[in-house]
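# Summary of structural features
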Amino acid sequence: MKIYRHDALNFLSKLSLRRLLNAAKLFASYHLTNWTGRPVQWGLPMTVSFEPTTACNLRCPECPSGLRAFTRPTGNLKEGFFKNTIDDIYRELIYLIFYFQGEPYINPNFLDMVKYANEKNIYTITSTNGHFLNNKNAKKTIESGLDRLIISVDGTTQETYESYRKEGKLETVLQGAKNVVKWKKELNSKTPHIIFQFLVVRPNEHQIPEVFRLAKEIGIDEVKLKTAQVYDYKNGNELIPTIKKYARYKETEDGTWQVKNKLLNHCWKLWHACVITWDGLVVPCCFDKDAQHKLGDLKNISFREIWKGEAYNNFRKKILKGRGQIDICTNCTEGCKVWAEE
């Protein structure tokens, strides 16, 4: 795995003794849980995903936001609520992931919230489809102190790109990336670490070499190749790549398909991370896209009470008894994602 020096040093600068001790508690309680088969939780999460919005401008075929398929309300994260929550948890928090569902830049206060988190010395990450990185937003992104910017580039020609990123414009995305690179240089900033994320599907797998060339030409720091989650995979799917190492699924002898990785009855995410929706619901992980497994509501109870509460403890017990019995776990990619770089 290639180490990016500036990004690594930037991350290390965020670590405090309190955060390191909390991380040690998480690791210890997780491994003790696996050893005893009983849930033990000593620390607070070191990673939290905050959902800026559920709205999106695109219509990607395997995304609930793109399909407009949510049963939960659509809305934007409120800045006041965000600040109050961060004030409660930032001392232990290392990573703050500013995405879940939706396109973060649609929230008009998104970059102000990034700046607030940066002032708390938290490592901040977001992922965008790149359509809102105009000159003004690109400059403000640099000024916010964002540490890592992931831009989805799932094709190197418009025809290939729009086969998955429905209603998207590749030219807009690439210009947005150029804007960020430009302002990063003009403001003499080492952040954000800029990544082109290439979601490998059958229509674009032949363009993998080209995305590396394109990234180098623009001045992108890194390219990551990501495997795609497919909902309807049991009878095959036209999005599953033919290059096997980029597929989360494999064909069985009877002609049906299944998830490659074995469902082990433990989950590191449940011990060190969680997701907070735009309206304050705490859910176990990014696979609970429609917030069906609500573990608490921050509008009614504190985060610490939720994290240590009965609902969370019961969900952890269910994981230990059998992940195959929990719907969001059956298509889980833990241990199955592909992160590749040239």
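All of these numbers come straight from a predicted model, not from anything done at the bench.

### Remarks on the environment of Lys184
Relative to the helices and strands, Lys184 is located in helix H8 (residues 170-186). On the accessibility criterion, Lys184 (12% relative accessible area) is buried. Sequence separation of Lys184 and Leu93 is 91 residues, and the distance between their C-alpha atoms is 26 Å. The contacts of Lys184, once residues within four sequence positions are left out, are Ile142, Ser189, Lys190, Thr191, Pro192, His193, Ile194 and Asp221. Looking at Lys184, its side chain comes within polar contact range of the side chain of Asp221, at 3.0 Å.

### As for the sheet that holds strand S11 (residues 296-297)
One open sheet accounts for 9 strands, arranged S6-S5-S4-S3-S2-S1-S9-S10-S11; its pairing is mixed. Of all strands in the sheet, those with a lone pairing partner are strand S6 (222-227) and S11, marking the two edges. Sheet analysis places strand S3 (residues 123-128) next to strand S4 (residues 148-152), joined by 4 bridges and oriented parallel. Bridging across to S4, Ser127 finds its partner in Ile150.

### Considerations on the packing of helix H5 (residues 110-119) against helix H6 (residues 135-144)
Closest axis-to-axis distance for the H5/H6 pair is 8 Å, and the angle between their directions is 15°. Put simply, H5 runs roughly parallel to H6. The element H5 and its partner H6 pack so that their crossing is right-handed. Of H6, the residues touching H5 (which contributes Leu111, Asp112, Val114, Lys115 and Asn118) are Asn137, Lys140, Thr141 and Ser144.

### Some points on the side chain of Asp147
Following the sequence through the fold, Asp147 ends up in the loop between H6 and S4. Judged by its relative accessible area of 2%, Asp147 falls in the buried class. A distance of 2.6 Å separates polar atoms of two side chains, one belonging to Asp147 and the other to Asn10. Within the structure, the side chain of Asp147 is placed 2.8 Å from the backbone nitrogen of Thr124, a separation counted as a polar contact. The contacts of Asp147, once residues within four sequence positions are left out, are Asp7, Asn10, Lys14, Ile122, Tyr123, Thr124, Thr191, Pro192 and His193.

What counts and what doesn't
- Residues numbered from 1 in each chain as written.
- Predicted model: local features only at pLDDT ≥ 70, side-chain atom pairs only at ≥ 80, totals over all residues.
- Heavy atoms only, no water.
- Helix = DSSP H or I, 4+ residues; strand = E, 2+ residues; numbered from the N terminus.
- Buried < 20%, exposed > 50% of the residue type's maximum accessible area, 1.4 Å probe, protein only.
- Contact = heavy atoms within 4.5 Å.
- Polar contact = N/O pair within 3.5 Å; in protein donor to acceptor, adjacent residues only side chain to side chain.
- Pairing = 2+ DSSP bridges.
- Axes fitted to C-alpha atoms, helices over the stretch in contact; angles between N-to-C directions.
- Parallel < 35°, antiparallel > 145°, perpendicular 65-115°, else oblique.
- Left-handed = near helix turned anticlockwise from the far one by under 90°.

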